[in-house]
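Each chain, letter by letter, is given below.
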Protein chains: 2
Amino acid sequence: VMGIVNGTTNFILTTMSEAGLGYDEVLAEAQRLGYAERDPTADVDGHDAAAKAAILASLAFRCDVRAEDVPREGISAVTEVDIAFAAQLGYVIKLLAVAERTGGDESAPEISVRVHPAMLPRTHPLAAVRGAFNAVFVEGGSAGELMLYGRGAGGLPTASAVLGDVIDAAHNLDRGTPGRAAPRAEARMHPADDLRCAWYLNIDVVDRPGVLAAVATVFGEHRVSIRSMEQLGMGDEARLVFLTHVARQGDVMATIHDLRALDVVEHIGGVLRVLGDEEDR
Amino acid sequence: VMGIVNGTTNFILTTMSEAGLGYDEVLAEAQRLGYAERDPTADVDGHDAAAKAAILASLAFRCDVRAEDVPREGISAVTEVDIAFAAQLGYVIKLLAVAERTGGDESAPEISVRVHPAMLPRTHPLAAVRGAFNAVFVEGGSAGELMLYGRGAGGLPTASAVLGDVIDAAHNLDRGTPGRAAPRAEARMHPADDLRCAWYLNIDVVDRPGVLAAVATVFGEHRVSIRSMEQLGMGDEARLVFLTHVARQGDVMATIHDLRALDVVEHIGGVLRVLGDEEDR
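Analysis parameters
- Residues numbered from 1 in each chain as written.
- Chains lettered and ligands numbered in written order.
- Predicted model: local features only at pLDDT ≥ 70, side-chain atom pairs only at ≥ 80, totals over all residues.
- Heavy atoms only, no water.
- Salt bridge = Lys/Arg side-chain N within 4 Å of Asp/Glu carboxyl O.
- Helix = DSSP H or I, 4+ residues; strand = E, 2+ residues; numbered from the N terminus.
- Buried < 20%, exposed > 50% of the residue type's maximum accessible area, 1.4 Å probe, protein only.
- Contact = heavy atoms within 4.5 Å.
- Buried area = accessible area lost by both parts, 1.4 Å probe.
- Polar contact = N/O pair within 3.5 Å; in protein donor to acceptor, adjacent residues only side chain to side chain.
- Nonpolar A, V, L, I, M, F, W, Y, C, P; charged D, E, K, R; others polar.
- Axes fitted to C-alpha atoms, helices over the stretch in contact; angles between N-to-C directions.
- Parallel < 35°, antiparallel > 145°, perpendicular 65-115°, else oblique.
- Left-handed = near helix turned anticlockwise from the far one by under 90°.
- Patch = residues over 30% accessible without salt bridge, like charges linked within 9 Å, V, L, I, M, F, W, Y side chains within 5 Å.
- Areas by Shrake-Rupley, 256 points an atom, 1.4 Å probe, with all protein chains shown as cover.
- Phe/Tyr/Trp six-rings, centres within 6.5 Å; stacked < 30°, edge-to-face > 60°.
- Pairing = 2+ DSSP bridges.

Here we take up the pattern of salt bridges. All names here are of chain A. Considering all chains together, one arrives at 24 salt bridges over all chains under this definition. E18 is the salt-bridge partner of R130, the closest N and O atoms lying 2.8 Å from each other. With R130 in the loop between strand 3 (109-121) and strand 4 (133-140) and E18 in helix 1 (residues 7-19), the pair connects residues that are 112 residues apart, well separated along the chain. Residue classification places R130 among the buried residues on the basis of a relative accessible area of 14%.

All right, on to the interface of chain A and chain B then. The interface of chain A with chain B comprises 24 residues on the first partner and 25 residues on the second. Of the roughly 2,300 Å² buried at the junction of chain A and chain B (both faces included), carbon and sulfur atoms supply 51%. Of all residues in chain A, R130, S142 and Y149 of chain A bury the most surface against chain B, accounting for 23% of the area lost on that side. Taken together, the links from chain A to chain B amount to zero salt bridges. Inspection of the chain A/chain B interface yields two residue pairs in polar contact (both at pLDDT 80 or more). Every element with two or more residues in the side of chain A that touches chain B is listed here: strand 4, strand 5 (144-151) and helix 6 (155-175) of chain A. Per element, the largest residue contribution to the side of chain A that touches chain B is seven residues, and it comes from strand 5 of chain A. Taken together, the residues of the side of chain A that touches chain B sort by class into 11 nonpolar, five polar and eight charged.

Here the focus is the packing of helix 1 of chain A against helix 2 (residues 23-33) of chain A. All names here are of chain A. Two numbers describe how helix 1 lies on helix 2: the axes approach to 9 Å, and their chain directions differ by 125°. Comparing the axis directions of helix 1 and helix 2 gives the class oblique. By crossing handedness, the relation of helix 1 to helix 2 is classed as right-handed. Two secondary-structure elements touch here, helix 1 through F11, I12, T15 and M16 and helix 2 through Y23, V26, L27, A30 and L33. When its residues are assigned to classes, the contact of helix 1 with helix 2 shows eight nonpolar, one polar and no charged.

All names here are of chain A. Together, V162, L163, V166 and I167 make up a nonpolar patch on the protein surface, roughly 350 Å² of accessible area in all. Position of V166 among the secondary structure elements: in helix 6. By relative accessible area, which is 48% here, V166 ends up partly exposed.

Next up on the list: the packing of aromatic side chains. Counted according to the given criterion, the structure contains six aromatic pairs over all chains. Ring centres of F11 of chain A and Y35 of chain A lie 4.4 Å apart, and the angle between their planes is 50°; this geometry places the pair in the tilted category. Within this pair, whereas F11 of chain A is found in helix 1, its partner Y35 of chain A is found in the loop between helix 2 and helix 3 (41-44), the two being separated by 24 residues in sequence. In this structure F11 of chain A comes out as buried when scored by relative accessible area, which is 12%. Note on Y35 of chain A: relative accessible area 37%, which makes it partly exposed. Taken together, a centroid distance of 4.7 Å and an interplanar angle of 40° make the contact between F219 of chain B and F242 of chain B tilted. Of the two residues, F219 of chain B sits in helix 7 (residues 211-221) while F242 of chain B sits in strand 9 (residues 237-244), which places them 23 residues apart along the sequence.

Here we come to the pairing of strand 2 (residues 91-104) of chain A. All names here are of chain A. In this sheet, strand 2 lies alongside strand 1 (residues 2-4) in antiparallel orientation, the contact comprising two bridges. When the bridges of strand 2 are listed, M2 appears paired with V98. Across 13 bridges, strand 2 lies against strand 3 in antiparallel orientation. Looking at strand 3, one finds that L96 is bridged to H116. Where strand 2 folds back onto strand 3 in an antiparallel hairpin, the turn is made up of four residues.

Shown next as structure tokens:
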């Protein structure tokens, strides 16, 4: 399950992407329009999305996941530079709530539940979810890929959804049926370091011969394989933009740790997971 | 309700659009891959989509609509030229099953049910439904815009959907509940000529002074207002590509009839409805 479940952050990322504006500017505009609160922390730091990720995981795997157990990264570190590179590479950046089964079986699943910004291919159905809209993308064993899309906020849509739930609850009370949300599995959390996906990294380095070799060596030492690299000169500095093949999260974090220790590395900018790359879509 | 409900035609239109190929070539490829049957009529002429439009309308408005009462246009007249113009104007072409309430009330709705290719803005959620995928876009009074997306064919997804229906039917039998699909409204069909939407027209004319004025006069006589026009020279001929403002279907058909009678008009190519243009998406 991958969801765009927070309208405020999706509005901010969509506007940054389509208007080419920076985070602070768009956040201020979102506050002016009433899409973001004066204190935007609950939205932009992913607290709200983490609570919804816990609900999605609980429903998907019929277990009991709590919001405070969901690791989260917000969108405040996403820059217009990363959004522009993503677009150039054929991707969009979205804040995702992810819940996936990584092992075990239905009665004792091992799951990963988390919230973070990620790059999705422009052709992914979630990439078309713009502004304050929400959507949940589900990949089922037999049913394949499914998506549910709708307005994530607003008086009437919320009233419609709440009323639908109340009617379902009344039906269940009336018929003595328990509903379908009761937990009945015991889930184990997958260690974050063992998660595997492709990564985008944006690294500013001193522009002199041998620097790329030094950087690439660090990737190699941690078995992180590079899928593509682009180099942009910027005066005395150069910017290196990497896409990796699928790699273990722990190995990518160790790579970043060692890169920071290199004296030719000036700054590590965007570090983003790349999800949803499939041939058949 | 607007749906992309036929995987074969969506595969053909997506491939024409993304590979820049012609209809015949892509149909042959679809047949080779098993996406289209040897006799593709049921798909490409919209028979299958019309049957599904009838089901969608019956569910949405709780009335009894039959496939043979659904007017349909297929995709065999859609050309790579129209697809390229659509892309240039920010649209994609999709075969849509449409069911909408045009008047009346819940117990006696006036509805329009139909199947035809249409231009949708690239930013519309249905525009992202590619290849053999299906989706149904619903606009509700309170709930706003909703979309359901999934695989439209294949052994396992079909088995999963059928089994879900069988389980629901068993629940209904078990509890003595009638399900939600029983018709209880009497629907009246909206006259097609009175339908209103924007239109795309692609007209080849003799390239000489005064031709545009002659063509525009015909539009004006039928109260069809032109939103934009683009002219492309092609030797002795010129191609005029029009987008209209929202116009009555009967007036657009009368315009086309009179245009064909002009001796400066060589050929009327694509004529497509333009749907889904909204500010707020």
